[in-house]
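Each chain, written out:
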Amino acid sequence: MTSENGVTNRVYNEIRDLLRSGAVLPGERIPNERKLAEINGASRMRVRDALLMLQREGLVERKIGSGTYLSERAPQIIELSEAAVKMSAERSHDFHETLEARLLIEPAVAARAAEAPTAQFVSDLDQALERLLEVPTWLEFKEEIYGFSRLYYVEAGNEFLCWTFDQIVSARRANKFDGGSDQAPVANLVKKHFHDRLSKIAEAIKSENSEQAKSEVESFLVGMAASSAL
């Protein structure tokens, strides 16, 4: 029994690593049980048990007659798990207070930045997105995400709004963004997910589509609120 459990745990970890790599994106079907059994050198029964463990975590969704799919929530689940994010009642309150402030301010700031984006601003957005895919640790990753948002505060040209955003970031930074393992590596799946979400904001701004920029920022921030409640 112990040996069987050991095989199941090995297969679980190997499939989880495959999902972490970003080889499969949220909503996409993962390899079937037969293929996974071949890849991992295990029986289909052990693969099935490993998939059940992943399903219980919320990382995959099994659809009868269709297959197994990577959950849309997988990036957030992996991020919160690997960075050991723990939201105490006090920290949860602080997080949602700062997020509420951002929702009141930030969509309008992005809309203003999209009115006539400068070439330097567009270049800075692109460079920020590139860095997001390269950072090695979770703490640096969070800094880059907030750094991306700060760019359109600067472009909006209001120093008081920049100061306000800096206070929000300082409050989050003081708690290491609620991560208990700030030096944890960042899964490629998580990097790709956030890169995709922020790219939509960048494209709206570069297209000088103020309403779309506003909408994308709202969507991004609401998604952050939802992920904290997992």
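Residues numbered from 1 in each chain as written. Predicted model: local features only at pLDDT ≥ 70, side-chain atom pairs only at ≥ 80, totals over all residues. Heavy atoms only, no water.

**Focus on the packing of helix α6 (residues 119-132) against helix α7 (residues 138-156)**
The axes of two packed helices give the description: the angle between them and the distance between them. Where we set the bar: In this description, a line fitted to the C-alpha atoms serves as the axis of each element, helices being fitted only across the stretch in contact, and the angle between N-to-C directions of two axes falls anywhere from 0 to 180 degrees. Strands here mean DSSP runs of E at least two residues long; helices mean DSSP runs of H or I at least four residues long; both are numbered from the N terminus. Throughout this description, any angle smaller than 35 degrees is read as roughly parallel, any larger than 145 degrees as roughly antiparallel, any in the 65 to 115 degree range as roughly perpendicular, and the remainder as oblique. Only heavy atoms enter the contact rule, under which two residues are in contact if any of them lie within 4.5 Å. Residues were grouped as follows: Ala, Val, Leu, Ile, Met, Phe, Trp, Tyr, Cys and Pro as nonpolar; Asp, Glu, Lys and Arg as charged; and all remaining residues, including Gly, as polar.
Relative orientation of the contacting elements α6 and α7 amounts to 170°, with a least axis distance of 9 Å. When the interaxial angle is binned, α6 and α7 end up roughly antiparallel. On the side of α6, the interface is formed by Phe121, Asp124, Leu125, Ala128, Leu129, Arg131 and Leu132, while α7 contributes Phe141, Glu144, Ile145, Phe148, Leu151, Tyr152 and Glu155. For the contact of α6 with α7, the per-class residue count stands at 10 nonpolar, no polar and 4 charged.

**Side note on the pattern of salt bridges**
Heads up, the rule is: Only one rule defines a salt bridge in this text: a Lys or Arg side-chain nitrogen within 4 Å of an Asp or Glu carboxyl oxygen. Here's how the labels work: a residue is buried when its accessible area is under 20% of the maximum for its type, exposed when over 50%, partly exposed in between, all with a 1.4 Å probe on protein chains only.
Inspection of the entire model under this criterion finds 17 salt bridges. Across the salt bridge formed by Arg16 and Glu57, the nearest N and O atoms sit 3.6 Å from each other. Pair noted here: Arg16 is in helix α1 (residues 2-20) and Glu57 is in helix α3 (residues 44-57), with a separation of 41 residues, a long-range link. On the basis of relative accessible area, Arg16 is assigned to the buried category, the value being 9%.

**Some thoughts on the pairing of strand β2 (residues 67-70)**
Rule in force here: Paired strands, as defined in this entry, are two strands with at least two bridges between them according to DSSP.
One ladder, built from 4 bridges, connects strand β1 (residues 60-63) with β2; its direction is antiparallel. Bridge pairing in β2 places Arg62 opposite Thr68. Connecting β1 to the next strand, β2, in antiparallel fashion are 3 residues, including Gly65 with a positive phi near 80°.

**Points about unusual backbone geometry**
Its identity as a non-glycine residue notwithstanding, Lys176 has a phi of 50°, on the positive side. Summarising the element assignment, Lys176 is placed in the loop between α8 (159-174) and α9 (188-206). Overall, Lys176 belongs to the partly exposed group, its relative accessible area being 42%. Positioned with a positive phi, Glu208 is a non-glycine residue whose angle comes to about 55°.

**Looking at the environment of Arg16**
Heads up, the condition is: Under this definition, polar contacts are N or O atom pairs within 3.5 Å; protein pairs additionally need one hydrogen-donor-capable and one acceptor-capable atom, and for neighbouring residues in sequence, both atoms have to be side-chain atoms.
Each C-alpha atom, one on Arg16 and one on Arg46, is 14 Å from the other, the two residues being 30 residues apart in sequence. Here the side chain of Arg16 touches Glu82 through a polar contact of 3.2 Å, side chain to side chain.

**Considerations on the layout of surface pockets**
As a reminder of what qualifies: Cavity means a closed set of points on a 1 Å grid over the protein atoms alone, one where a 1.4 Å probe fits but cannot get out, pocket means an open set with protein on both sides within 12 Å along at least 5 of 7 lines, and lining means a residue has an atom within 4 Å of a point. Grid points are joined across faces, edges and corners, and a volume is the space filled by probe spheres set on the points.
Space inside the second largest pocket adds up to approximately 250 Å³. What lines the second largest pocket is a set of 15 residues, and nearest its centre among them are Pro26, Glu72, Gln76, His193 and Arg197. Of all elements in the fold, only α9 and α10 (210-228) reach the threshold of two or more residues within the lining of the second largest pocket. Residues of the lining of the second largest pocket, tallied by class, amount to 5 nonpolar, 4 polar and 6 charged.

**Some words on the packing of α6 against α9**
Two elements in contact, α6 and α9, have axes whose closest approach is 9 Å; the angle formed by their N-to-C orientations is 170°. On the basis of the axis angle, α6 is roughly antiparallel to α9. Between α6 and α9, the contacting residues are Phe121, Val122, Leu125, Asp126, Leu129 and Leu132 on the first element and Lys191, Phe194, His195, Leu198, Ser199, Ala202, Ile205 and Lys206 on the second. Residues of the contact of α6 with α9, tallied by class, amount to 9 nonpolar, 2 polar and 3 charged.

**Overview of the packing of aromatic side chains**
Basically, it comes down to this: Aromatic rings from Phe, Tyr and Trp, taking only the six-membered ring of Trp, are treated as a pair when their centres fall within 6.5 Å; an angle between ring planes under 30 degrees marks them as stacked, one over 60 as edge-to-face, and anything in between as tilted.
Going through the model one piece at a time under the given rule, you end up with 8 aromatic pairs. With a centroid separation of 5.4 Å and 85° between ring planes, the pair formed by Phe141 and Phe194 is classed as edge-to-face. Of this pair, Phe141 sits in helix α7 while Phe194 sits in helix α9, placing them 53 residues apart in sequence. The pair Phe141 / Phe194 is uniform in exposure class, with both members buried. With a centroid separation of 5.8 Å and an interplanar angle of 25°, the aromatic rings of Phe160 and Trp163 are classed as stacked. Of the two residues, Phe160 and Trp163 are both situated in helix α8; the distance of 3 residues between them amounts to about one turn of the helix. Using a relative accessible area of 57% as the deciding quantity, one classes Phe160 as exposed. Accessibility expressed as a relative area gives 49% for Trp163, which makes it partly exposed.

It is worth stressing that arrangement in space is one thing and function is another; only the former is reported here.
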